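Each chain is listed here by its residues.
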Amino acid sequence: MRTARVGLRVTPAQRRRCFGLLLANGDVWACVLDMNRWRRQRGLHGITNFQQLCRELHKAGPAAFGELNSSCAEGVLRHYSDAWFAAAKRRKSGDATARFPRRKRRLVPVRFRYRHFAFDGQRLRLATARGCPPLWVRLDRPVPYPVEQVRSVTLLNEDRRLFIEVSAEVPVATYAPGCEPDPGRVAGVDPGVIHPFAVAGPDGEGLIVSGRAIRAETHLHLKDTKRRRRAVAKRAPKPGQAGSRRWRKHRARQRKLEARHKRRVKQAQHEAAKTVVGWAVQRRVGTLVVGDPRGVLDLKAGRRHNQRVRAWRIGYLLRCLKDKAEQAGIRVVLVDERGTSSTCPSCDQRVPKPRGRVFTCMHCGFNGHRDLVGGANIARRNPSGTITTNSKNPFPVVITHRRAGRHLPGTAPARRDPRRRPHHGTANGSHGRPRPAPPPWGVARPPGEDQPTMVKHGQRMLMRH
Ligand SMILES: [Zn+2]
């Protein structure tokens, strides 16, 4: 099952109807919570069984929830019931942190099951309540799956933008004979912050996917958020005080930027995972052994490192890789990565963790890229954490370098990215005095005119054209 998100192009009227559906779904959710609270206050059992909840819903009669189709409302009840029983099960097994659903949400995503939606090119018809005209919306790109494979469509909003999530059952890729992935060909994958994936494959081949663009985007976003927060800190409402219109605008803007940042990082992570899977398919790698660092991430490591780890979104990164690999017919094995980046792949002795990107062994003189060392050690691991001795992969010599997130504004100095502060000039947010574009390379400048001169600027010497 794979899911893709597609944006919507809607008229104001369609937009109102879409939000009406989301609101109605939120009302169903709130109704269930309220009903059960009411019952418990009177010493009755809450209704948690899906069939019983449906019966209660149908007692409310048709059109109790605006234009919402009853099948969609039942989807919310199913969600509530599943969440309740999951929490009850965890509680029973002694987990006191498990919580029953209790938080109301104003807008709840609406899931349209099979037969309650239909595609017509880039248009989509969504079922509404009986007696209401169906809701037609336009998509901003074609659905990336064949229409007959689509199983459900979910309408949702993210910071006032409308999307649909299309879930489709995509069959595992098939290959020509002799080209299919061979489970005996193993590659070790070391996930990291600077390099989302470093892969040590068979035949002395390696792949390094650089994620510096993701990190730059994260840094810029963090810096920008801090700056905004500092600017409005004085206007922040006190607890119990209603926010001003200006404050609400600031909050809306912040949410919008947060959502954009998240979308950008996710896109780059998908690109990174896609690169790895494409590389593995080309080399007929049938097993990806992936180091899972999540065992050591819960340790407190100071606020800076905690922030770095949180921005990494490792769970999402690994899910992307697993999803894409399985669709390509590649097996993914998660192993504990403890110690893999500080063990020499040549002589198996422990070496202090290198500070830079180059790993050097003081026992045997081995030299190599630090992340590939991790990958090579991971390739030799079993899920139980033991090291297998029958490793056939030599250390990578042929290394492919790829980048993830080339579209991100952090990769190159983007003049138009307002988050980048100007290097020159003092005006806040200004890129300085507008200057003509420099002449193309190889064009000689006329002597005496427009020659670069050194100008004293504060403490630094700057080249001024
Ligand atoms: Zn060594």
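Here we summarise the structure given alongside this text. Note that the structure is a prediction, hence the values are computed from the model and not measured. (Residues numbered from 1 in each chain as written. Predicted model: local features only at pLDDT ≥ 70, side-chain atom pairs only at ≥ 80, totals over all residues.)

A few words now on unusual backbone geometry. A positive phi angle, near 80 degrees, is found at R115, a position not held by glycine. The residue D203 is not glycine, and still its phi comes out positive at about 60 degrees. Locating D203 in the fold gives a position in the loop between β9 (197-200) and β10 (205-210). Residue classification places D203 among the partly exposed positions, given that 13 C-beta atoms sit within 10 Å. (Helix = DSSP H or I, 4+ residues; strand = E, 2+ residues; numbered from the N terminus. Buried ≥ 20, exposed ≤ 12 C-beta atoms within 10 Å, placed from the backbone.)

With that settled, consider the sheet that holds β10. Strand order in the open sheet made by the six strands is β12-β11-β8-β9-β10-β15, with mixed pairing throughout. Each of the sheet's edge strands pairs with one partner strand only, and the pair in question is β12 (331-336) and β15 (398-403). Strand-to-strand, the axes of this sheet are offset by a mean angle of 25 degrees, without reference to chain direction. Of the strand pairs in this sheet, strand β8 (residues 182-191) and strand β11 (residues 285-292) are connected by five bridges, and their pairing is parallel. The residue bridging D182 from the neighbouring strand is V285, located in β11. (Pairing = 2+ DSSP bridges. Axes fitted to C-alpha atoms, helices over the stretch in contact; angles between N-to-C directions.)

One broad rule of soluble globular proteins: the nonpolar side chains tend to lie buried together. Counting 39 residues, the largest nonpolar core has A187, V189, V199, V276 and L288 as its most contacted members. Sorting the residues of this core by element identifies β8, β9, β10, α4 (212-232), α5 (245-282), β11, α7 (314-327) and α8 (370-379) as the ones contributing at least two each. A total of eight residues in this core trace back to one element, the largest contributor, which is α5. In this view, L288 contacts A187, V189, A280, A325, I330 and V332; residues no more than four positions away in its chain are not counted. Counting residues in each nonpolar core, the second largest holds 29 residues, with V28, A73, V108 and I164 among its members. (Core = buried A, V, L, I, M, F, W, Y, C linked by C-beta atoms within 7 Å. Contact = placed C-beta atoms within 7 Å.)

Turning our eyes to something else, we now look at α5. Under the 1.5 Å per step criterion, the end-to-end length of α5 is 56 Å for 38 residues, consistent within 8% with the ideal 56 Å. All buried positions along α5 are accounted for by R264, V265, A268, Q269, E271, A272, A273, T275, V276, V277, W279 and A280. Positive backbone phi, approximately 55 degrees, marks R284, located one or two places after α5. (Expected span 1.5 Å × (residues − 1).)

Glancing now at the sheet that holds strand β1 (residues 2-9). Backbone-to-backbone hydrogen bonds join strands into a sheet, with any given pair of strands oriented parallel or antiparallel. Overall, antiparallel pairing links the seven strands, which are arranged β2-β6-β7-β1-β5-β4-β3 in an open sheet. The open sheet terminates on both sides in strands that have one partner only, identified here as β2 (110-112) and β3 (117-120). The mean angle between the axes of side-by-side strands here comes to 35 degrees, regardless of whether they run parallel or antiparallel. In terms of strand pairing, strand β4 (residues 123-126) meets strand β5 (residues 135-139) through four bridges, oriented antiparallel. Counterpart to R123 in the pairing with β5 is R138.

When β1 meets strand β7 (residues 161-168), the two strands line up antiparallel, connected through six bridges. Its bridge partner being in β7, R2 is matched across the sheet by A168. Where strand β6 (residues 150-158) lies against β7, eight bridges are found, and the strand directions are antiparallel. Each residue of the ladder has a partner; that of L155, found in β7, is I164. Linking β6 to β7, which pair antiparallel, is a turn of two residues; within it D159 sits at a positive phi near 35 degrees.

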